[in-house]
Amino acid sequence: SQMVVSDVNFKIEPGQALAIVGPSAAGKTSLTRMLIGIWKPVKGSVRLDSVELSEWSHDDVGPHIGYVPQEIEFFGGTIAENIARLGPVDPDKVIQAARLIGMHETILSLPDGYDTCLGETGHALSGGQRQRLAIARAFYGLPKYLVFDEPNANLDEMGEKILAQALTYLKECGASIIITTHRPRLINVVDHLLILRAGKQVGYGPTQEMITVLRNLQARAAAQESATTPTPTPTPTPVAVSATSAVETQLGSAMA
């Protein structure tokens, strides 16, 4: 069997944000699933506060983790219950999470406000509303560790701006944040970029440094293409040269 993701090695501190970038099928979603504990790595480790993620009790660590997958689903229940992850509903925390992503006024405009029912027979939300609500659920209780897989895929420009502001606020609160994204607005709020290609880490470092590396490699690849090919072709996604051999992935997070 072939490894889906290998040779990845990084550490993220409280108050830092990391963006995982790369072409389609690079392994970004697979990596986020390992980083959140849905998949357990065959080799290596994912650690929170130096403890293997799989060794944490779900009840202990769950409230400190926020996750937004690409495929968003809601449970049968009210909006408030879904934001509170079907646990005890703290109204203040529910409203705080909704306000962070600019969803509070929208929810109040729905038929029953925060008591509006979701699920298969519940109120139908637009794609952007579903995305914001999923992000609000991840924000509930201000977790210390957040992993978002394409959280802005269905957000308009204003939604992206609000999300970027929220991520900046959460960093100031000491959260460790990991996102996958292709869009510049969220890249602007992260501290480091991790570049994946074919399931391997081919670049990792401070954001501006990695952007410069990518631009230089793109220019070099474009020059090589024009020299060998008479007709222009799309510039291939570049490969940086700082591959690592370590497998262990460490995540520093200030667990309360």
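Caption draft 1: Representation of the side chain of Thr 181 within the structure. Among the secondary structure elements, Thr 181 is positioned in the loop between β8 (176–180) and α8 (184–187). Polar side-chain contacts of Thr 181 include one of 3.4 Å to the side chain of Asn 152. Other than its neighbours up to four places away in sequence, Thr 181 contacts Ile 20, Val 21, Glu 150, Asn 152, Leu 186 and Ile 187.

Caption draft 2: Quick look at the sheet that holds β8. Taking strand neighbours across the sheet as the criterion, the six strands line up as β4-β7-β8-β1-β9-β10 in an open arrangement whose pairing is mixed. Each of the sheet's edge strands pairs with one partner strand only, and the pair in question is β4 (65–68) and β10 (200–206). Across the sheet, the mean angle from the axis of one strand to that of its neighbour is 15 degrees, orientation sign disregarded. Sheet topology note: the strand β1 (residues 17–21)/β8 ladder contains four bridges and is parallel. Residue pairing in the sheet places Leu 18 in a bridge with Ile 178 of β8. Taken strand by strand, helix α1 (residues 28–36) contacts β1, β4, β7 (145–149), β8 and β9 (192–197), and its axis lies near 155 degrees from that of β7. Running over the sheet, helix α6 (residues 127–139) touches β4 and β7 and is turned about 165 degrees from β4.

Procedures and definitions
Numbers given for residues are sequential positions, taken from 1 along each chain in its written order. Reporting of local features is limited, given that this is a predicted model, to residues whose pLDDT is at least 70; pairs of side-chain atoms are given and counted only at 80 or more, and all residues count toward the totals for whole chains, interfaces and linings. With hydrogens and water set aside, each side-chain value is computed from the structure's full complement of heavy atoms. Numbering of helices and strands starts at the N terminus; helices are DSSP runs of H or I of at least 4 residues and strands are runs of E of at least 2. Here a polar contact means two N or O atoms within 3.5 Å. Within protein one must be a hydrogen donor candidate and the other an acceptor candidate, and residues neighboring in sequence count only if both atoms are side-chain atoms. Any two residues whose heavy atoms approach within 4.5 Å are treated as being in contact. In this description, strands pair whenever DSSP reports at least two bridges between them. In this analysis, axes come from line fits to C-alpha atoms, helices being fitted only over the stretch in contact, and the angle between any two N-to-C directions falls in the range 0 to 180 degrees.

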